[in-house]
Amino acid sequence: MELVLQNLIPIPLRDKLSQRNSDIWNTQKTLKQGEWIKVKAPSGTGKTTLVHILYRLRNDYTGHVLWNGKEEQRFSAAELAVLRQSAVSVVFQDLRLFSQLTARENIELNRVLPASGTHYESTVIDAMAERLGVTHILQQRAGLCSYGEQQRIAIIRALVQPFQWLLMDEPFSHLDEENTRKAAALIAEECEKRGAGFILTDLDEDRHLPYTTFYNL
Ligand SMILES: Nc1ncnc2c1ncn2[C@@H]1O[C@H](COP(=O)(O)OP(=O)(O)OP(=O)(O)O)[C@@H](O)[C@H]1O
């Protein structure tokens, strides 16, 4: 699935953006499926805004976002649901886990999401949790988990559904080097399996994943 950005400008950032150049804002970009894209930007320059626009959580922008040629703003609620169930997965910066549900229940919500049947057996959750060192908290309420544990749960949740694009907003911000390495390896494997692309935002340069494309926001 191809993603095209045309002259995208978030309205709250319009004045700031008129004073600087960006590889993403107010340009034309075609992002091809299978690209592994790192978007680097200092704090407050719009990483979260970009992810929320792409996931269609906000529409306070000018310009166009086209998924396979179709304008995002024209998706019906049902079409948007299908997009999110089967084509675009996300790790939010603020994670957005249900705090009263267990870590496992949070992941299960995504595993059973696809309208056309589950993508993975539930045993895959155990295997992924084992790799990321969170087996011991799977039955714990998410709200009681540390932020770093929640971040790994949110990553697993995003990986147990089908997707062609994975959006990740500073996904390793609360992980140490070893856990970042493990999470990045799992993400790379899952993207490779699906031939999927991703857009990963972060503050700094990094080599956590073999990115194919680098942009400054
Ligand atoms: N709805 C809004 N109304 C007004 N200003 C907004 C709105 N949404 C975002 N902003 C502003 O836009 C800028 C970019 O915010 P955003 O959260 O996207 O940055 P970020 O790059 O993700 O930051 P951080 O690295 O600190 O998470 C900030 O200055 C923020 O205050």
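Since the model is a prediction, treat every value here as computed from it, not as a measurement.

*Asks:* Describe the pairing of strand S7 (residues 165-169), with residues and values.
*Replies:* Counted residue by residue, S7 has 5 buried out of 5 residues, so it is predominantly covered. In this structure, strand S6 (residues 88-91) lies alongside S7, joined through 4 bridges in parallel fashion. Within the sheet, the bridge partner assigned to Val 91 lies in S7 and is Met 168. Examined bridge by bridge, S7 and strand S8 (residues 197-202) share 5 bridges and lie parallel to one another. Its bridge partner being in S8, Asp 169 is matched across the sheet by Thr 201. One crossover worth recording links S7 to the parallel S8 by way of helix H7 (residues 177-194), and it is right-handed.

*Asks:* I'd like a description of the environment of Gly 34, backed by residues and values.
*Replies:* Structurally, Gly 34 can be placed in the loop between strand S2 (28-31) and strand S3 (36-40). For the pair formed by Gly 34 and Thr 212, sequence separation is 178 residues and the distance between their alpha carbons is 9.0 Å. The contact partners of Gly 34, leaving out residues within four places of it in the chain, are Gly 195 and Gly 197.

*Asks:* Would you mind going over the sheet that holds S3 in detail, with residue names and values included?
*Replies:* Spatially, S6-S7-S8-S3-S9 is the arrangement adopted by the 5 strands of the open sheet, whose pairing is parallel. Looking along the sheet, the strands with just one partner apiece sit at the ends: S6 and strand S9 (213-216). Going across the sheet, the axis of each strand differs from the next one's by a mean of 15°, ignoring polarity. Where S3 and S8 come together, 5 bridges link them in parallel fashion. Opposite Ile 37, over in S8, you have Ile 199 as the bridge partner. Lying over the sheet, helix H2 (residues 47-54) contacts S3, S6, S7 and S8, oriented at roughly 150° with respect to S7. The sheet contacts of helix H6 (residues 147-159) involve S6 and S7, and relative to S6 the element is tilted by about 180°.

*Asks:* Which residues make up the nonpolar core, and what values do they have?
*Replies:* Formed by 51 residues in total, the largest nonpolar core has its most connected members in Ile 153, Ile 155, Ile 156, Trp 165, Leu 166, Leu 167 and Phe 198. When residues in this core are grouped by element, the largest group, 6 residues, is from H6. Sequence-distant contacts of Phe 198, defined by excluding residues within four places in its chain, comprise Trp 36, Ile 37, Trp 165, Leu 166, Met 168 and Cys 191.

*Asks:* An account of the environment of Trp 25 is requested, with residue identities and associated values reported.
*Replies:* Along the chain, Trp 25 falls in the loop between helix H1 (14-17) and S2. For the pair Trp 25 and Tyr 120, spaced 95 residues apart in the sequence, the C-alpha separation amounts to 36 Å. Leave out the neighbours within four places in its chain, and Trp 25 touches Leu 8, Ile 9 and Leu 17.

Quick notes on the rules
Residues numbered from 1 in each chain as written. Predicted model: local features only at pLDDT ≥ 70, side-chain atom pairs only at ≥ 80, totals over all residues. Buried ≥ 20, exposed ≤ 12 C-beta atoms within 10 Å, placed from the backbone. Helix = DSSP H or I, 4+ residues; strand = E, 2+ residues; numbered from the N terminus. Pairing = 2+ DSSP bridges. Right-handed = clockwise from strand over helix to strand, strands pointing away. Contact = placed C-beta atoms within 7 Å. Axes fitted to C-alpha atoms, helices over the stretch in contact; angles between N-to-C directions. Core = buried A, V, L, I, M, F, W, Y, C linked by C-beta atoms within 7 Å.

It is worth stressing that arrangement in space is one thing and function is another; only the former is reported here.
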